[in-house]
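# Understanding the architecture of this molecule
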Amino acid sequence: MASKFGLAGGIPERRVRPIWDAVDSRQYKAALKLCTGLLAKHPTSPYALALKALTLERMGKPDEALSVCLNAKELLYKDNIFHFDDLTLSTLQIVFQRLDRLDLATSCYEYACTKYPSNLELMMGLFNCYVREYSYVKQQQTAIKMYKTVGEERFLLWAICSIQLQVYFSSGGEKLLALAEALLKKHINSHSLHEPEALALYISILEQQAKYDAALEILSGDLGSLMGREEDKLRLQGRLLAQARNYVAASEIYQKVLESCICCMLEHDVNLPKPSTGEHTYSSCSVDSTLSIKTCLSEDLVESRLTKALSFVQTLQGNNSSDCVRGPHLANIEIERLRRLNGNPNDSKLIEALVKYFHRFGHLSCSASDVEIYLHMLSSNEITELLDAISGSFDAESVSVNTLGLTITIFKVQELLGTLFTKSTAELQDIAKRLVETFYKNLPLSNELDPQESMYGEELLSMASNILVQLYWRTRSFGYLLEAILVLEFGLTVRKYVWQYKIMLVHLYSYMGVLPLAHKWYLTLEVKNILLESVLHHILPQMLNSPFLQQAADLAKDYLKFMDDHLKESADLTCLAYRHRTYSKVIEFVQFKDRLQNSRQYFSVRSDSMILHLKQKAESLEEVDSILENASHGARLVELSKEDNIRHLTFNEDLQARPWWTPTSSVNYLSEPFDESATPESYRAKSCKHKSDEKDGSKLKDAERKSLVPRLVYLSTHGCASFLKDSEPNGSCSDSTVGEMKTLLERYARSIGYSIDDALSIVLGMSSGKKAVKDFAPDIVSWMSFAVFINAWNLSSHESVIPGTDRSSPNSWQIVDNLVKSCIEEQLTDANRMLTSPGNNVPLLVRMITEPMSWHLLAIQSCLRALAPQGKKKKKGGPSDQPNIPQLQAIQSSVRSMIDTLQSVHTWLSDQMKPEEQGLDILLSYVQGTSTEGPGQISRILDASAAVANSEIGGRIGQSLESWSSAGVMRRIVGAEHETLAELKKICDSKLKLLKSESASLSTVLH
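Residues numbered from 1 in each chain as written. Predicted model: local features only at pLDDT ≥ 70, side-chain atom pairs only at ≥ 80, totals over all residues. Heavy atoms only, no water.

### Points about the overall build of the chain
Looking only at helices and strands, the chain features 48 helices and 2 strands. The principal-axis extent of the C-alpha atoms belonging to the chain is close to 105 × 95 × 60 Å. Each of the 1007 residues in the chain was classed as buried or not, and the buried ones make up 53%. Sequence-distant contacts, at least 24 apart, represent 73% of the contacts inside the chain between residues at least 6 apart. When the accessible area of the chain is evaluated, it comes to approximately 45000 Å², of which 50% is carbon and sulfur surface. (Helix = DSSP H or I, 4+ residues; strand = E, 2+ residues; numbered from the N terminus. Buried < 20%, exposed > 50% of the residue type's maximum accessible area, 1.4 Å probe, protein only. Contact = heavy atoms within 4.5 Å. Areas by Shrake-Rupley, 256 points an atom, 1.4 Å probe, with all protein chains shown as cover.)

### With respect to the packing of aromatic side chains
This model, assessed by the stated rule, comprises 23 aromatic pairs. Following the ring pairs from residue to residue traces out a cluster consisting of Phe 421, Trp 473, Trp 660, Trp 661, Tyr 669 and Phe 674. One residue, Lys 73, lies across the ring of Tyr 77, its end atom 4.5 Å from the ring centre. In this arrangement the basic side chain of Lys 520 is found over the ring face of Trp 521, its NZ or CZ atom lying 4.3 Å from the centre. (Phe/Tyr/Trp six-rings, centres within 6.5 Å; stacked < 30°, edge-to-face > 60°. Lys NZ or Arg CZ within 6 Å of the ring centre and 35° of its normal.)

### Remarks on helix H16 (residues 299-319)
With 21 residues, H16 should cover 30 Å at 1.5 Å per step; its first-to-last C-alpha distance of 30 Å lies within 8% of that length. Among all positions in H16, only Val 302, Leu 306, Leu 310, Phe 312, Val 313, Leu 316 and Gln 317 are buried. Where H16 is buried, its residues meet helix H14 (247-260) and helix H17 (327-341). (Expected span 1.5 Å × (residues − 1).)

### Let's talk about unusual backbone geometry
The backbone of Asp 100 sits at a positive phi, close to 60°, despite the residue not being glycine. Within the secondary structure, Asp 100 sits in the loop between helix H5 (86-98) and helix H6 (102-115). Positive phi, close to 60°, is recorded for Ala 210, a residue that is not glycine. Assignment of secondary structure puts Ala 210 in the loop between helix H11 (196-208) and helix H12 (212-220). Owing to a relative accessible area of 47%, Ala 210 belongs among the partly exposed residues under this scheme.

### Focus on the nonpolar core
Counting residues in hydrophobic clusters, the biggest one holds 186 residues, and the most contacted among them are Tyr 509, Trp 783, Phe 786, Ile 849 and Ile 973. With 15 residues, the top contributor of residues to this core is helix H48 (residues 966-1006). Apart from residues no more than four positions distant in its own chain, Trp 783 is found in contact with Ile 752, Tyr 754, Ala 759, Ile 762, Val 763, Met 766, Phe 776 and Leu 819. Counting 97 residues, the second largest nonpolar core, distinct from the first, contains Leu 39, Tyr 47, Leu 226 and Ile 587. (Core = buried A, V, L, I, M, F, W, Y, C linked by side-chain atoms within 4.5 Å.)

### Re the packing of helix H37 (residues 698-720) against helix H38 (residues 735-752)
H38 packs onto H37 with a crossing angle of 155° between their chain directions and a minimal axis gap of 9 Å. Classified by the angle their axes make, H37 and H38 are roughly antiparallel. Remark: the crossing between H37 and H38 carries left-handed chirality. Along its contact with H37, which presents Lys 701, Glu 704, Arg 705, Leu 708, Val 709, Arg 711, Leu 712, Leu 715 and Ser 716, the element H38 presents Thr 737, Glu 740, Met 741, Leu 744, Leu 745, Arg 747, Tyr 748, Ser 751 and Ile 752. Along the lines of polarity and charge, the residues of the contact of H37 with H38 split into 9 nonpolar, 3 polar and 6 charged. (Axes fitted to C-alpha atoms, helices over the stretch in contact; angles between N-to-C directions. Parallel < 35°, antiparallel > 145°, perpendicular 65-115°, else oblique. Left-handed = near helix turned anticlockwise from the far one by under 90°. Nonpolar A, V, L, I, M, F, W, Y, C, P; charged D, E, K, R; others polar.)

### A look at the environment of Ile 163
Inspection of the secondary structure assignment puts Ile 163 in helix H9 (residues 153-169). A C-alpha to C-alpha distance of 7.2 Å links Ile 163 and Leu 177, two positions 14 residues apart in sequence. For Ile 163, the residues in contact, after removing those within four places along its chain, are Gln 140, Leu 176, Leu 177, Leu 179, Ala 180 and Leu 183.

### Re helix H32 (residues 600-616)
The end-to-end C-alpha separation of H32 is 24 Å, in line with the 24 Å expected for 17 residues at 1.5 Å each. The N-cap residue of H32 is Ser 599: its side-chain oxygen and the backbone nitrogen of Gln 601 are 3.2 Å apart. (Polar contact = N/O pair within 3.5 Å; in protein donor to acceptor, adjacent residues only side chain to side chain.)

### Brief notes about the side chain of Thr 662
The topology assignment puts Thr 662 in the loop between helix H35 (643-647) and helix H36 (680-694). By relative accessible area, Thr 662 is classed as buried at 4%. If near-sequence neighbours (up to four positions away) are discounted, Thr 662 is found in contact with His 507, Val 667 and Asn 668.

Spelled out as structure tokens, the structure:
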């Protein structure tokens, strides 16, 4: 090809290399200048055009880049073109991929392969194009063609991988497994296999067909020698034997593995049932499901096999005395658990095994979580015995790493078992105090550590904060909540890298309503890349309900950018896996991409991002029109929200990292009354149910409902535009638009749980005062938006859709006005001082103002824009010269109602915004008590410790605590509250300004 003999795309490489160097160093203007000079000498060179297109795309000029690429493509298709090489095509492919036009790149390669059917480079390029398009059938066909052309093993394996992908992602693809097996058998008979990955692929094909004996036979034959490590071969044999239900032989194989490699992990070989989507599972929620044993064997046979297993495990323990190897000791506990379930409920061996485990490994931070499922099997007497045994195994007064570890383990065991729920308020307060004092006492142990290394005893402050939150929940004493925050802030003053403290603070500050501080601590986590998918739920739901629209939009933008970029470029990883012959990674990469593409959070945030933009620009109808136009007027989101798509959504959020009081983004126990009669088991079951419900049910309905909003806003604004045009020909909306609105509103009503007729009846009842707004509180914002869209539908329809009204009746406007006014007035009536009322209704008030009121404001703007067509001079005259006087009066009445409502909110916000010093004094009064009971003790300990830290501890930690001040933390809380109220006030001011302007315009028209 032309790339030989020092040519690149038919051009001497010395002329091309400076362009690539300039592009790689981001000197795009210099690169473009070089491309222009190159094209002057080679005006018909597709490669030169491809380089120019690449440069233009990097400069942010996609339209120009696409135009140049299309010119290069036309030149390639000419019969007289000579330099038709892979370098030119691959450069075009890079540009087309970045422009999201993979179809054009594929067509270029298809044409090239037609022209040069035996060229391996071009066929490989075409194969990569099909990989990027996820066209598995065409991948298979191209790979088979390459295999037939050169007979290389790798191309056959590419075809086998493509078949496996069809099996995973296509219906009926299972029939192709026999074809894959036949192709491999034929190749083995003639050429054998030469790569370990090839053997693994063959075994997986047989496994998928449940041909375990055949797979074992191959593994035991000559091909088995391809496995590099004997342990890997044994593990694979053990897995196949277990799948074939030959458990005796499988156990013998696994014994050999453990004898040769005690650190080998076997859990992945046993093929325990896993969720089909690969979603997060939660150990605490699976406890009850694991506490059972189902077998058809007799008790004596089970006991004999468990005794044999115990003997083997004890041998392993004797052969390895390392404190790093916990597996044999955990196996001992598991065997005793099975014995107890097999009919020995009073057997003391389980508690003995646990005591031995804690004596040996109790100083490790993972020791309590290692045995969590076994702890829940213990009786109350056994729990007491276990805690006493651990406590008696060390001197709690000494200062050492092991002593500190054992102290933490005792508290962790109590926390996992929920025994803290059963203790009195005084006992809990004493425990929290001891935890903080123990943390401070052991700080010298961490003085020599690097600031980015984990400190010894970090968990103590997390546990103390958890206890203080529980005390607040029980007593509703606000001081405890402030002390929970102070403890975490103190810990971050000592070491600013503890992510657990930051996540807890994000949720505590969110609950208090001071979102600026929550947002600040979230940003310090520096969440990037794939962590955005599993961690964003800690902050985004709260920010979406806050007045900080720009910050919320930035969070959504960063997340969507990562997801879009990853989904666009993930196929490159798959191509790389094919090239390096790691075929297991091919399947893994494609499955991971599919899981992310179907992410529920990804689906939801796309709607959230669009709604945020609409909320930000709601005072400018022209900007809203532009936003909707760039997003296909919301039609794409509606398409994605169809039932078939929603059913396949995956749940990837890591809920296990959330604090105990908010197991999901929609649940917060602190907003509920404390149940004195509840048991630890009932709270654990409740949390597990919430986590399970988060994956489906109401969350999916919420996501579906949000996806309909942008389209409904678009249809509403265009429907209302026809409201004042009845006197003109074709003034009303088309039947298709009205019909689409009805369909979407039916779906919207179903997402709230009602038919459209029932939902309409409820809206009318709430608007007239016949139904209490509180009865529909959980979805009240959705009900208000529904009323706004019903009004727009009524205006755009040829006939009234509201019972008891006609199309020209002002009643549809009054329904919205009355509902909005009553809902917001109720929130203002119930509202307390935001600073001292955690869990307040400010987020709900924000949503009412920024969502339904914004949609209603857009409808008003749309009506008034239709009143004064562009390019026509208004006629002078009185009201009698204007059309649709009743409708104009209805709009004016609605505008005045919105103004009155917003002014009442504005007044409330002004009353809330007290001087900073006054707010600081109020907060400090909650934690400055001198009593030995109630809040204030922890705060005093923190301040006293910080005051003497430099002399008692010294070093880096002592210096860091010099800046500590409880009053400083309180001052930041007051400032964040003021910032939140000011931002909401700013939103109200913006809407009031527009409404007053519209009111003045209407007054001019009507008078």
